[in-house]
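Each chain, written out:
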Amino acid sequence: QVQLVESGGGLVQAGGSLRLSCAASGNIFGFNVMGWYRQAPGKQRDLVAAITSGGSTNYADSVKGRFTISRDNAKNTVYLQMNSLKPEDTAVYYCVAGPTRTPRRYWGQGIQVTVSS
(Lines give C-alpha, C1' and ligand atoms only; values in the text may rest on other atoms or scores of the structure.)
Protein backbone atom coordinates (compact mmCIF):
# COMPACT_ATOMS: atom_id res chain seq x y z
CA GLN A 1 0.00 0.00 0.00
CA VAL A 2 1.20 3.50 -0.87
CA GLN A 3 1.46 6.00 1.95
CA LEU A 4 1.85 9.76 1.54
CA VAL A 5 2.97 11.92 4.46
CA GLU A 6 2.53 15.67 4.11
CA SER A 7 4.18 18.39 6.15
CA GLY A 8 4.90 22.11 6.11
CA GLY A 9 1.48 23.69 6.29
CA GLY A 10 0.40 26.37 8.69
CA LEU A 11 -0.60 29.99 9.07
CA VAL A 12 1.16 32.79 7.22
CA GLN A 13 0.45 36.41 6.42
CA ALA A 14 -0.29 37.55 2.89
CA GLY A 15 2.94 37.95 0.97
CA GLY A 16 4.68 35.27 2.98
CA SER A 17 5.98 31.85 2.01
CA LEU A 18 5.53 28.22 2.94
CA ARG A 19 7.03 25.00 1.66
CA LEU A 20 4.97 21.84 1.60
CA SER A 21 6.61 18.43 1.52
CA CYS A 22 5.14 15.04 0.71
CA ALA A 23 7.07 11.83 1.22
CA ALA A 24 5.67 8.83 -0.62
CA SER A 25 6.43 5.21 0.08
CA GLY A 26 5.18 1.82 -0.99
CA ASN A 27 6.05 -1.46 -2.61
CA ILE A 28 6.18 -0.04 -6.13
CA PHE A 29 8.74 0.85 -8.79
CA GLY A 30 8.49 4.59 -8.39
CA PHE A 31 6.03 7.33 -9.22
CA ASN A 32 5.36 8.57 -12.74
CA VAL A 33 3.65 11.68 -11.47
CA MET A 34 3.35 13.51 -8.18
CA GLY A 35 1.49 16.68 -7.43
CA TRP A 36 -0.68 18.85 -5.27
CA TYR A 37 -4.37 19.63 -5.25
CA ARG A 38 -6.21 22.02 -3.00
CA GLN A 39 -9.76 22.45 -1.81
CA ALA A 40 -11.23 25.53 -0.20
CA PRO A 41 -14.60 25.51 1.61
CA GLY A 42 -17.45 25.45 -0.88
CA LYS A 43 -15.17 24.77 -3.84
CA GLN A 44 -14.05 21.71 -5.75
CA ARG A 45 -10.68 20.08 -5.38
CA ASP A 46 -8.45 21.59 -8.07
CA LEU A 47 -5.00 20.78 -9.36
CA VAL A 48 -2.34 23.19 -8.12
CA ALA A 49 0.78 21.69 -9.66
CA ALA A 50 2.11 18.38 -10.92
CA ILE A 51 5.49 17.00 -11.88
CA THR A 52 6.52 13.88 -13.77
CA SER A 53 9.44 11.63 -13.02
CA GLY A 54 11.24 13.32 -15.90
CA GLY A 55 10.77 16.77 -14.43
CA SER A 56 7.96 18.13 -16.61
CA THR A 57 5.68 20.46 -14.67
CA ASN A 58 2.17 21.81 -14.91
CA TYR A 59 0.65 24.64 -12.86
CA ALA A 60 -2.74 26.14 -12.33
CA ASP A 61 -2.90 29.61 -13.84
CA SER A 62 -3.66 31.09 -10.43
CA VAL A 63 -0.29 30.02 -9.01
CA LYS A 64 2.06 30.44 -11.97
CA GLY A 65 5.00 32.60 -11.07
CA ARG A 66 4.40 32.19 -7.34
CA PHE A 67 4.54 28.44 -6.68
CA THR A 68 7.27 26.00 -7.68
CA ILE A 69 6.92 22.24 -7.64
CA SER A 70 9.94 19.98 -7.43
CA ARG A 71 10.76 16.40 -6.54
CA ASP A 72 13.54 14.21 -5.30
CA ASN A 73 13.14 10.91 -7.12
CA ALA A 74 15.60 9.11 -4.86
CA LYS A 75 13.51 10.05 -1.83
CA ASN A 76 10.11 9.81 -3.57
CA THR A 77 9.38 13.23 -2.16
CA VAL A 78 7.59 16.13 -3.81
CA TYR A 79 7.76 19.74 -2.67
CA LEU A 80 5.66 22.81 -3.25
CA GLN A 81 7.37 26.12 -2.60
CA MET A 82 4.67 28.75 -2.19
CA ASN A 83 5.72 32.39 -2.37
CA SER A 84 3.77 35.64 -2.42
CA LEU A 85 0.86 33.89 -0.76
CA LYS A 86 -2.60 35.40 -1.02
CA PRO A 87 -5.68 34.90 1.16
CA GLU A 88 -7.31 33.07 -1.74
CA ASP A 89 -4.60 30.41 -1.45
CA THR A 90 -6.18 29.33 1.84
CA ALA A 91 -7.23 25.71 1.46
CA VAL A 92 -6.51 22.16 2.43
CA TYR A 93 -3.67 20.96 0.23
CA TYR A 94 -3.53 17.31 -0.81
CA CYS A 95 -0.54 15.43 -2.11
CA VAL A 96 -1.20 12.93 -4.88
CA ALA A 97 1.06 10.28 -6.37
CA GLY A 98 0.72 7.97 -9.35
CA PRO A 99 2.86 4.84 -9.18
CA THR A 100 4.66 3.60 -12.25
CA ARG A 101 2.80 0.92 -14.24
CA THR A 102 -0.62 1.63 -12.77
CA PRO A 103 -3.42 4.12 -13.41
CA ARG A 104 -4.09 4.32 -9.68
CA ARG A 105 -3.70 7.56 -7.77
CA TYR A 106 -3.00 7.79 -4.07
CA TRP A 107 -3.80 10.72 -1.83
CA GLY A 108 -2.40 12.20 1.32
CA GLN A 109 -4.58 13.14 4.25
CA GLY A 110 -4.47 16.85 3.44
CA ILE A 111 -2.72 19.70 5.20
CA GLN A 112 -4.13 23.11 6.05
CA VAL A 113 -2.65 26.29 4.60
CA THR A 114 -4.13 29.51 5.91
CA VAL A 115 -3.13 32.92 4.57
CA SER A 116 -4.27 35.92 6.57
CA SER A 117 -4.78 39.39 5.15
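It should be emphasised that the depicted structure is a prediction, and the values quoted were computed from it without experimental measurement.

Cut-offs and rules
- Residues numbered from 1 in each chain as written.
- Predicted model: local features only at pLDDT ≥ 70, side-chain atom pairs only at ≥ 80, totals over all residues.
- Heavy atoms only, no water.
- Helix = DSSP H or I, 4+ residues; strand = E, 2+ residues; numbered from the N terminus.
- Rg over C-alpha atoms; globule rule 2.2 N^0.38 Å.
- Buried < 20%, exposed > 50% of the residue type's maximum accessible area, 1.4 Å probe, protein only.
- Contact = heavy atoms within 4.5 Å.
- Areas by Shrake-Rupley, 256 points an atom, 1.4 Å probe, with all protein chains shown as cover.
- Lys, Arg positive; Asp, Glu negative; His and termini not counted.
- Charge placed at Lys NZ, Arg CZ, Asp CG, Glu CD.
- Pairing = 2+ DSSP bridges.
- Axes fitted to C-alpha atoms, helices over the stretch in contact; angles between N-to-C directions.
- Phe/Tyr/Trp six-rings, centres within 6.5 Å; stacked < 30°, edge-to-face > 60°.
- Lys NZ or Arg CZ within 6 Å of the ring centre and 35° of its normal.

Trainee: With reference to specific residues and values, describe the overall build of the protein chain.
Mentor: The secondary structure content of the protein chain amounts to zero helices and 11 strands. Counting helices and strands in the order they occur from the N terminus, the protein chain gives β-β-β-β-β-β-β-β-β-β-β. For a compact globule of 117 residues, the expected C-alpha radius of gyration is about 13 Å, and the protein chain comes in at 14 Å, within 12% of that figure. By principal-axis analysis of the C-alpha atoms, the protein chain measures approximately 45 × 25 × 20 Å. Of all 117 residues assigned to the protein chain, the portion counted as buried reaches 43%. Looking at the protein chain alone, contacts between residues at least 24 apart form 54% of all its contacts between residues at least 6 apart. For the protein chain, the computed accessible surface area is about 6300 Å², with 46% contributed by carbon and sulfur atoms. When the 12 positive and 6 negative side-chain charges of the protein chain are each reduced to one mean point, those points stand 6 Å apart.

Trainee: Give a detailed account of the sheet that holds strand β3 (residues 18–25), specifying residues and quantitative values.
Mentor: Strand order in the open sheet formed by four strands is β1-β3-β8-β7, with antiparallel pairing between adjacent strands. The outermost strands of the open sheet, each flanked by one partner alone, are β1 (3–7) and β7 (67–72). Averaged over all neighbouring strand pairs, the angle between strand axes comes to 15°, with direction disregarded. When β1 meets β3, the two strands line up antiparallel, connected through five bridges.

Trainee: How would you explain the environment of Leu-4 if you had to name every residue and give the values?
Mentor: Position of Leu-4 relative to the elements: it lies in strand β1. Residues Leu-4 and Gln-109, spaced 105 residues apart in sequence, show a C-alpha to C-alpha distance of 7.8 Å. Those residues in contact with Leu-4, other than ones at most four positions away along the chain, are Cys-22, Ala-23, Ala-24, Cys-95, Val-96, Ala-97, Tyr-106, Trp-107, Gly-108 and Gln-109.

Trainee: Explain unusual backbone geometry to me, and be specific about the residues and the numbers.
Mentor: In this structure, Asn-76 takes a positive phi of about 50° despite not being glycine. Mapped onto the elements, Asn-76 comes out in the loop between β7 and β8 (77–82).

Trainee: Account for the packing of aromatic side chains, with residues named and values stated.
Mentor: Here the structure, examined in full by the defined rule, presents one aromatic pair. The interplanar angle of 65° and the centroid separation of 5.0 Å between the aromatic rings of Tyr-37 and Trp-107 together place this pair among those described as edge-to-face. Placement of Tyr-37 in strand β4 (residues 31–39) and of Trp-107 in strand β10 (residues 106–107) is noted, with a sequence separation of 70 residues between them. Over the ring of Tyr-94 we find Arg-45, and its NZ or CZ is 3.6 Å from the ring centre. Of note, Arg-45 hangs over the ring of Trp-107, and the distance from its end group to the ring centre comes to 5.1 Å.

Taken by themselves, the reported measurements are silent on function.
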